[in-house]
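Reading the structure
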Amino acid sequence: MNAMTRRIVVGTAAVSMAVSLAACGKAGDGDDAGGGGGDSKTIGLLLPENKTTRYETFDRPIIEAKIKALCGECDVKYNNAAQDTETQKKQFDALVTQGVKVIILDSVDYKATKSWVQRAEKQGVKVVAYDRLAEGPISAYVSYDNEKIGRLQGEALVKALGAKAAQSNVVMINGSPTDPNAPFFKKGAHSVLDKGVKKVVYEQDIPDWSPDEANRKMGAAIDSLGKTGFQGVYAANDGMAGGVITALKKQGIKVPVGGQDAELAGLQRVLTGDQAFTIYKQIKPEAETTAEIAVKLLKGEKIDDLAPVKVDSLSGEFTGIPAKLYDAQVVTKENIASTIIADKVYKASDLCTAEYKAACAAAGIK
């Protein structure tokens, strides 16, 4: 079957190629949720939360810049929901009321969006699901192959455990239950860890991807298992990995911990050896493709070349959604220079502040 036309079913009982990580920014930043008049030159951008740094630092400015480059007369109405579903619903409804015809949506709770998107569709509004696949008649979806990311995380943790992996017990600190990406990260990681390590001895899903809650759950795991009851920790993203590592250090425990997102703080922990790895997802292609799709939809143009595969919603109710799914890679101390620095995600000066200068030099980053 041709790769450009094959259907990829995204669902719990099927081959899963779902969504990706979190979003950020300041709640209420950008246009207010009410009032104002939109027109056919306005694109809405709604991001879900501000616990992680990736989206406000990279995704939002890249999307806005690309839209402006493609459509100089276009405006972007931006809002962040600060992890509150009702807030995001109000922001979404306000954009529809204002006459915005294309909305880029990274949902707080993917299950809640079905009725919103259905109402929007009836009013001729196109919705592009960004990073997380929302429920409803979505016009397009751009993200990553998230089950594969989970497998990469599992493989990297097994590698970090080394020759002792098969005799090692592992703690799993998973992502938010309302994020449709989280079950795919977890499923992918389990597919590797269930065979590659002795046992997953403690596992928790963490609401809102909260580093503080990850820290508390790691503390509870240590209390339950003892300091030597586990040999490694899977953390679904870098923010939670930071919370986990703080809990481990408090108890004087040193074991491999993995993360995801290649956040600055996570990369610095990788350099010092506090964190074993992170997952680098090239943000620019994902963000720019989403902007291109949004502008094409605004202009009534076809998006087949930008969204070459088809996915189904997690419920299975909405099928054949045009999609683009990007790959990711494991980043360790050994390849930060050839990935993060080479791709100009961060400059060496961002990464190598005074505290990390020696670690940078050891990793060949100048």
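So, how was this worked out
- Residues numbered from 1 in each chain as written.
- Predicted model: local features only at pLDDT ≥ 70, side-chain atom pairs only at ≥ 80, totals over all residues.
- Heavy atoms only, no water.
- Buried < 20%, exposed > 50% of the residue type's maximum accessible area, 1.4 Å probe, protein only.
- Helix = DSSP H or I, 4+ residues; strand = E, 2+ residues; numbered from the N terminus.
- Disulfide = S-S within 2.5 Å.
- Axes fitted to C-alpha atoms, helices over the stretch in contact; angles between N-to-C directions.
- Parallel < 35°, antiparallel > 145°, perpendicular 65-115°, else oblique.
- Contact = heavy atoms within 4.5 Å.
- Nonpolar A, V, L, I, M, F, W, Y, C, P; charged D, E, K, R; others polar.
- Polar contact = N/O pair within 3.5 Å; in protein donor to acceptor, adjacent residues only side chain to side chain.
- Expected span 1.5 Å × (residues − 1).
- Left-handed = near helix turned anticlockwise from the far one by under 90°.
- Phe/Tyr/Trp six-rings, centres within 6.5 Å; stacked < 30°, edge-to-face > 60°.
- Lys NZ or Arg CZ within 6 Å of the ring centre and 35° of its normal.

Turning to helix H8 (residues 264-272), a few remarks are in order. Every buried residue of H8 is listed here: Gly266, Leu267, Gln268, Arg269, Val270 and Leu271. Note on H8: the residue one or two positions beyond its end, Gly273, has a positive phi of about 90 degrees.

Counted by the stated rule, this structure contains two disulfides. Across the disulfide from Cys71 sits Cys74; the S-S distance is 1.9 Å. Measuring handedness by torsion sign, the sulfur bridge of Cys71 and Cys74 sits at about 70 degrees and is right-handed. Grouping residues by exposure puts Cys71 and Cys74 together as buried. For Cys352, the disulfide goes to Cys360, at an S-S distance of 2.1 Å. Linking Cys352 and Cys360, the disulfide has an S-S dihedral of approximately -95 degrees and is accordingly described as left-handed. Here the disulfide map of the protein reads 1-2, 3-4, the bonded cysteines being numbered as they appear in the sequence.

Before going further, it helps to spend a moment on the packing of helix H2 (residues 85-97) against helix H3 (residues 114-122). Think of two packed helices as two axes; the pair is described by the angle between the axes and how far apart they sit. Viewed as axis vectors pointing N to C, H2 and H3 meet at an angle of 0 degrees, and their least axial separation amounts to 11 Å. Between H2 and H3, the interaxial angle falls into the category roughly parallel. Touching Thr85, Gln88, Lys89, Phe92, Asp93 and Val96 of H2 are Trp116, Val117, Arg119 and Ala120, all from H3. Looking at the contact of H2 with H3 residue by residue, the classes come out as five nonpolar, two polar and three charged.

With that settled, consider the side chain of Thr289. Tracing the backbone shows Thr289 in helix H9 (residues 283-298). Thr289 gets classed as buried once you look at its relative accessible area, which sits at 7%. A polar contact of 2.8 Å, which involves the side chain of Thr289, links it to the backbone oxygen of Pro285. Once residues within four sequence positions are removed from consideration, Thr289 is found in contact with Val142, Leu306, Lys324 and Tyr326.

Below, the discussion takes up the environment of Val100. Here Val100 shows up in the loop between H2 and strand E3 (102-105). For Val100 and Ile43, which are 57 residues apart along the polypeptide, the C-alpha to C-alpha distance reads 6.2 Å.

Another aspect to go through is helix H1 (residues 54-70). Across its 17 residues, H1 extends 23 Å between first and last C-alpha, which sits within 8% of the 24 Å expected from 1.5 Å per residue. By the burial criterion, the buried members of H1 are Arg54, Tyr55, Phe58, Asp59, Arg60, Ile62, Ile63 and Ile67.

Attention now goes to the packing of helix H4 (residues 146-161) against helix H5 (residues 181-196). Direction vectors running N to C along H4 and H5 enclose 35 degrees, while the axes themselves pass 7 Å from each other. For the pair H4 and H5, the crossing hand works out as right-handed. In this structure, H4 uses Asn146, Glu147, Ile149, Gly150, Arg151, Gln153, Gly154, Glu155, Leu157 and Val158 to contact H5, whose residues at the interface are Asn181, Phe184, Phe185, Lys187, Gly188, Ala189, Ser191, Val192, Leu193 and Gly196. Of the residues in the contact of H4 with H5, the class split is eight nonpolar, eight polar and four charged.

Further remarks concern the packing of aromatic side chains. A complete count under the given rule lists three aromatic pairs for this structure. Here the aromatic rings of Phe58 and Tyr346 are separated by 5.3 Å at their centres, their planes lie at 75 degrees, and the arrangement is edge-to-face. In this pair, Phe58 sits in helix H1 while Tyr346 sits in the loop between helix H10 (336-341) and helix H11 (348-351), placing the two residues 288 residues apart along the sequence. As far as the burial class goes, Phe58 and Tyr346 line up, both buried. With 6.2 Å between their ring centres and 70 degrees between their planes, Phe185 and Trp209 make a pair best called edge-to-face. Remark: Trp209 occurs in the loop between strand E7 (199-205) and helix H6 (211-225) and Phe185 occurs in helix H5; sequence separation between them is 24 residues. Using a relative accessible area of 1% as the deciding quantity, one classes Trp209 as buried. Above the ring of Tyr326, the side-chain terminus of Lys324 is found at 5.1 Å from the ring centroid.

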